[in-house]
Amino acid sequence: MSNAFLQISNAQKVSRKDIPHLPFDQFQSQALELVGNGGKIVHYFAYPDKGSLKLLAVLRTDKLFVAGCDVPDPYPSFTKTCEPFHLFEREMAEQYGIRPQDHPWLKMVRYHPNYTDGAADVFGNDYSQDIPGNYKYYQVEGEEIHEVAVGPVHAGVIEPGHFRFNCIGERVLHLEIQLGYQHRGIEKQLLTVPAKRLPILGENIAGDTTIGHSLCMAQNLEALTGVQPDQGAGVIRTIALELERLANHIGDLGALSGDVAFLPPANYFGRIRGDFLNLSLLICGNRFGKGLVRPGGVRFSLSNDIRKVLNERLAELRPEVTHVLDLLFNAVTVRARFEGCGAVSHEDADHLGLVGPAGRASGMVYDVRRCFPTEHYPHMGIPENKKTTGDVYARARVRYDEILQSLQMVESLAAIPVETQCVNEGIANDLPASSFSVALNEAWRGEVSHAVLTDEKGKILRYKIKDPSFHNWNGLAMSLRDTGISDFPLNNKSFNLSYCGFDL
Amino acid sequence: MLSVLKNRFEQGYRTNRYPEEKVKVFSRYRGRPVIQDNISRATLETCAASCPQDAIDVQNQKIDMGRCIFCGTCENNANGQIKFTNDYEIATAERADLITSGDLPALAEHAKQHFKKLFGRSLQLRQVSAAGCNACEADLNVLATPFFDLGRFGINFVASPRHADGIVVTGPISRNMKTALLQTYEATPAPKVVIAVGSCTISGGPFIGSPEITEGLDKILPVDLFIPGCPPHPMTNLHALISFFK
Ligand code: SF4
Ligand code: SF4
């Protein structure tokens, strides 16, 4: 394919002067061509540079590409010809006040004033008003139509968000999801904090994806400064990312089981999830892996005494996990509820750009561990886990497969001694001037990615974070189309998306 | 049916016997910090400079557990003169008591006696998640799993503030959640308790300095119980709730 975009590698330093800065028309046609031919958007964001706004896109096929351009006035929306851009353009409008002309559904993403001093608000919001201000939710009209509004504060111990169902009887015609309640302003804050706080903010973007986000940040800072962590650090990071996947997938299957009122696996998996969190604590002192990953390596070794306990625990857990998996998946009543519920077609999943288990359940094979491997993954065979039915059953079944695969990976990595030179505070080196790096990892929900741009003094100019949930919330909305409203909890848990990861 | 019974047998009885028997945690767990009296000024200054949370007061040789995220960076720089012990019983009734060289007042004795009388047999709590990273919520949620089984103490999380005796707040209270939080508080009938869980809620935690958050729940509501950590270990939560209310 001839393309003006520059081909790059995952977590590699690129000098900003090497990134093609295209005339807007060329940028637009090339980006639309790439995405129109099945490419996917990893990042598409705006950033200020020397008094003007610029755009940068990172796209992927089986390779990674980057290019940028100036923001034209007016900026014509790509979304009307190519849906995958829709949320990225809404985000751009909110963050930098760039109005995408003819965007089919321009609404705010997270409800905050834009980052540019003085630029007019695209949505006409008054942010002293409560979220979502003057926004009128999408409405279906008709005599028998009714609306159900849920949240922001939900009935359980969970994060806030607002869900608006348009229903006819029990049937959901449309679900609109409004988030933003968890917005902490992390992307902006990362530009102002001292270097010692960067990894702390990185690991607290979404606590259930601590390792996934920490790895993106560490890999970018390592790429920029040219620091290469030793092989042992790569092994420990890989173990940590797989333990994170195990704990979450197991917790999700327990929650799904609870939602179809099959309580034994719900309780067993609830506890077993805790056992896997405790294995993270065993290694680094924190159940969510906080404090483990720092730019330059890891802060905790896998010394032989720790490794011994890890292996013993894994040996105890393996039969329990497999038996409870069998209990859950052999129950006909469970299958009857999971099968056919909340199906998302491959075509819809492709247009929405779903990632991770939710994408794989609808036939999207993409897995960063196989396509753009980092850490120890180049040395590990990662099987394709795709399913075809796109329903709750498929989303559960992908997790089933991945639990057994991850367990096997951790067992094999922990079987041999691991040596690493631990770091403490991480990289103290200054960042290089006018550089760029983007890092992708397969967190348990799917592709997580951070991109960093530095200015001519080596200061971070733009730090862009994308949690997999950014791609997948619309998948949940889609799964509810024409489904009974009582199936919402089941579908919601089968996606189990992050609010804070989306809201940043 | 047979497989259900077989599994039930394999799983056995897993609930811990706390508080009669202490629950052991893995040795790398970082609980209550202790700063040695004779720590050198230079060492403590190095530790303070490396602390990402600026939680160390060099002058008074204290760590503010309300700001600290228990990362252990200072411990690695302290030549053994700062230690994070395995003690997870670290909640306090006063914000000031979280600032410590290692000693903490016994929580049970500082609990307000009328709370014990009112809520000692039954305590219903409404949880409000207000930004943060969701790990605090996750480790509150596990209190309902068989190992911790909070329900055996008559303490439960309920769906409506109208049914609640108090609220448990997590996260640094984003601008977009502040009203919802205050409304939930208002909707809870008095007398009511307010519990701050996690470094985010107590001080802003990792997000200190962001204009989008509130640096400390006690600035906007009267807080009765402070549970530090990032997130607090489930045993820290369990200890705090039992000692304060039972
Ligand atoms: S453990 Fe607490 S006091 Fe020590 S460096 Fe980390 S945040 Fe600072
Ligand atoms: S205190 Fe730490 S664990 Fe709790 S919500 Fe805040 S960042 Fe997350």
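These numbers were taken from a predicted model, which means no experiment stands behind them.

1. Structural notes on the overall build of chain B
Move 1: Along the backbone of chain B there are nine helices and ten strands.
Move 2: Based on the C-alpha atoms only, the size of chain B along its principal axes is roughly 65 × 45 × 35 Å.
Move 3: Residues counted as buried form 62% of the 246 residues belonging to chain B.
Move 4: Long-range pairs, those at least 24 residues apart, make up 77% of the contacts in chain B with a sequence separation of at least 6.
Move 5: Computed over 26 positive and 24 negative side-chain charges, the separation of the two mean positions in chain B equals 6 Å.

2. Describing the pairing of strand E9 (residues 193–197) of chain B
Residue and element names in this part refer to chain B.
Move 1: Buried residues dominate E9, accounting for five of its five residues.
Move 2: Here E9 shows no split at all, with Val-193, Ile-195 and Val-197 on one side and Val-194 and Ala-196 on the other all buried.
Move 3: Relative to E9, strand E8 (residues 166–170) is paired through five bridges, and the arrangement is parallel. Among the inter-strand pairings, Thr-170 is bridged to a residue of E9, identified as Val-197.
Move 4: The parallel pair E8 and E9, bridged by helix H7 (residues 175–187), forms a crossover whose chirality is right-handed.
Move 5: As paired strands, E9 and strand E10 (residues 225–227) are joined by three bridges and run parallel to one another. Residue pairing for E10: Val-197 is matched across the bridge by Ile-227.

3. What to know about the interface of chain B and chain A
Interface size, as often reported, equals the accessible area lost upon joining of the parts.
Move 1: Across the contact, 63 residues belong to chain B and 66 residues belong to chain A.
Move 2: Carbon and sulfur atoms make up 53% of the surface buried where chain B meets chain A, a total of about 5,200 Å² over both sides.
Move 3: It is Phe-26, Arg-28 and Asn-176 of chain B in chain B that bury the most area against chain A; as a group they hold 16% of the surface buried on that side.
Move 4: Here chain B and chain A share two salt bridges between them.

4. Considerations on the site of ligand 1
Move 1: Around ligand 1, the surrounding shell consists of Cys-51, Pro-52, Gln-53, Ile-56, Cys-68, Ile-69, Phe-70, Cys-71, Gly-72, Thr-73, Cys-74 and Phe-84 of chain B.
Move 2: For the shell around ligand 1, a count of residues per class yields nine nonpolar, three polar and no charged.

5. Focus: the nonpolar core
A general tendency of soluble globular proteins is for nonpolar side chains to be buried together.
Move 1: Judged by nonpolar contacts, the single largest core of 102 residues is most densely connected at Phe-276 and Leu-292 of chain A together with Ile-195 and Phe-245 of chain B.
Move 2: Looking at which element gives the most residues to this core, the answer is helix H6 (residues 231–259) of chain A, with twelve residues.
Move 3: Residue contacts for Phe-276 of chain A: discarding those within four places in its chain leaves Leu-243, Leu-246, Ala-247, Ile-250, Leu-314, Leu-317, Val-321 and Leu-407 of chain A.
Move 4: Grouped together as the second largest cluster of nonpolar side chains are 50 residues, Phe-24, Met-92, Ile-98 and Leu-179 of chain A included.

6. Details of the site of ligand 2
Move 1: The environment of ligand 2 is formed by 13 residues, the closest being Lys-290 of chain A together with Cys-133, Cys-136, Cys-200 and Cys-230 of chain B.
Move 2: When residues of the shell around ligand 2 are traced back to their parent elements, those giving at least two are helix H6 (135–141) and helix H8 (199–203) of chain B.
Move 3: Taken together, the residues of the shell around ligand 2 sort by class into seven nonpolar, five polar and one charged.

7. Some remarks on the UniProt feature "domain: NADH-quinone oxidoreductase subunit D" (unreviewed entry) in chain A
Move 1: According to UniProt, the feature "domain: NADH-quinone oxidoreductase subunit D" (unreviewed entry) maps to residues 260–413 of chain A in the numbering used here.
Move 2: Counted over residues 260–413 of chain A, helix gives 61% and strand 3%. Its end C-alpha atoms are 36 Å apart.

8. Things to note about the environment of His-471 of chain A
Residue and element names in this part refer to chain A.
Move 1: Relative to the helices and strands, His-471 resides in helix H14 (residues 469–480).
Move 2: Sequence separation of His-471 and Phe-88 is 383 residues, and the distance between their C-alpha atoms is 9.7 Å.
Move 3: In this structure, His-471 is in contact with Ile-41, Phe-88, Leu-352, Gly-353, Leu-354, Val-355, Glu-447 and Lys-466, ignoring residues within four places of it in sequence.
Move 4: Among the polar contacts made by the side chain of His-471, one reaches the side chain of Lys-466 at a distance of 2.9 Å.

9. Observations regarding the pattern of salt bridges
Residue and element names in this part refer to chain A.
Move 1: For the coordinates displayed, the defined rule picks out 39 salt bridges over all chains.
Move 2: Put simply, Lys-40 and Asp-350 hold a salt bridge, and the shortest N to O gap is 2.9 Å. Of this pair, Lys-40 sits in strand E4 (residues 40–49) while Asp-350 sits in helix H10 (residues 346–352), placing them 310 residues apart in sequence.
Move 3: Here Lys-40 falls in the buried class, since its relative accessible area comes to 11%.
Move 4: On the basis of relative accessible area, Asp-350 is assigned to the partly exposed category, the value being 29%.
Move 5: Between Glu-187 and Lys-464 there is a salt bridge; the shortest N-O distance is 2.5 Å. On the criterion of sequence distance, the pair formed by Glu-187 in helix H3 (residues 186–189) and Lys-464 in strand E16 (residues 460–466) is long-range, its members being 277 residues apart. The two residues Glu-187 and Lys-464 agree in class, both being buried.
Move 6: Among the charged side chains, a salt-bridge network with shared partners connects Glu-242, Arg-245, Arg-360, Asp-367, Arg-369, Glu-402 and Glu-442.

What counts and what doesn't
- Residues numbered from 1 in each chain as written.
- Chains lettered and ligands numbered in written order.
- Predicted model: local features only at pLDDT ≥ 70, side-chain atom pairs only at ≥ 80, totals over all residues.
- Heavy atoms only, no water.
- Helix = DSSP H or I, 4+ residues; strand = E, 2+ residues; numbered from the N terminus.
- Buried < 20%, exposed > 50% of the residue type's maximum accessible area, 1.4 Å probe, protein only.
- Contact = heavy atoms within 4.5 Å.
- Lys, Arg positive; Asp, Glu negative; His and termini not counted.
- Charge placed at Lys NZ, Arg CZ, Asp CG, Glu CD.
- Pairing = 2+ DSSP bridges.
- Right-handed = clockwise from strand over helix to strand, strands pointing away.
- Buried area = accessible area lost by both parts, 1.4 Å probe.
- Salt bridge = Lys/Arg side-chain N within 4 Å of Asp/Glu carboxyl O.
- Near = heavy atom within 4 Å.
- Nonpolar A, V, L, I, M, F, W, Y, C, P; charged D, E, K, R; others polar.
- Core = buried A, V, L, I, M, F, W, Y, C linked by side-chain atoms within 4.5 Å.
- UniProt positions renumbered as here; feature names shortened; annotations may be inferred.
- Polar contact = N/O pair within 3.5 Å; in protein donor to acceptor, adjacent residues only side chain to side chain.

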